[in-house]
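So you can see what is in the structure, the chains are spelled out below.
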Amino acid sequence: MNYSEKVMDHFTNPRNVGEIPDADGIGEVGNAKCGDIMKIYLKIDGNVITDVKFKTFGCGAAVATSSMATEMIKGKTIDDALGLTNKAVMEALDGLPPVKIHCSVLAEEAIKSALADYYKRQGVDPEPIVGQLPPCEHCSK
Ligand code: FES
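Residues numbered from 1 in each chain as written. Predicted model: local features only at pLDDT ≥ 70, side-chain atom pairs only at ≥ 80, totals over all residues. Heavy atoms only, no water.

(A) Region of interest: the environment of T12. Looking at the element boundaries, T12 is found in helix α1 (residues 5-12). When its relative accessible area of 58% is taken as the criterion, T12 is described as exposed. Spatially, the C-alpha atom of T12 lies 8.3 Å from that of A64, the residues being 52 residues apart in sequence. Looking at T12, its side chain comes within polar contact range of the main-chain oxygen of D9, at 3.4 Å. (Helix = DSSP H or I, 4+ residues; strand = E, 2+ residues; numbered from the N terminus. Buried < 20%, exposed > 50% of the residue type's maximum accessible area, 1.4 Å probe, protein only. Polar contact = N/O pair within 3.5 Å; in protein donor to acceptor, adjacent residues only side chain to side chain.)

Put into structure tokens, the structure is as follows:
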């Protein structure tokens, strides 16, 4: 399979791996297609995402897209993060092989889920802001 240099770079040297113990929002999503899991931690100050970390039990393409996605939202506003699409992340990585496109949705969904968690913790209903998230099979036994 042919991966771009940027994908290989982010896969072999992923940015922002880890967790944030005192995170303001945590999102966890599972990929319905392959069963892989992504967890994203956000630190938010006012309207700005001051720090972001991720952990994944996912494939190389999931690692690369998450690494790139975290770089793209770090230091940005919540609105910017909500507007981030898996398409924009893939473009920033110079593309993914078609069979790997489903892997890139994990990062976008995990970020949205972490923002929803952030709003819930503030006592705000996240749905009008973040939209409806796919149900997490993992949590709804
Ligand atoms: Fe599961 Fe890529 S194969 S995220």
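(B) Up close: the environment of C59. Note that C59 resides in the loop between β3 (48-57) and α2 (60-73). Sequence separation between C59 and D36 is 23 residues; the distance between their C-alpha atoms is 7.6 Å. In this structure, C59 is in contact with D36, K100 and C103, ignoring residues within four places of it in sequence. (Contact = heavy atoms within 4.5 Å.)

(C) Representation of the packing of α1 against α2 within the structure. Axis separation between α1 and α2 bottoms out at 8 Å; the angle between their running directions is 90 degrees. With respect to α2, the axis of α1 lies roughly perpendicular. Judged by residue contacts, V7, H10 and F11 of α1 engage G60, V63, A64, S67, M68 and E71 from α2. Along the lines of polarity and charge, the residues of the contact of α1 with α2 split into five nonpolar, three polar and one charged. (Axes fitted to C-alpha atoms, helices over the stretch in contact; angles between N-to-C directions. Parallel < 35°, antiparallel > 145°, perpendicular 65-115°, else oblique. Nonpolar A, V, L, I, M, F, W, Y, C, P; charged D, E, K, R; others polar.)

Function cannot be inferred from these measures alone, as they are strictly geometric.
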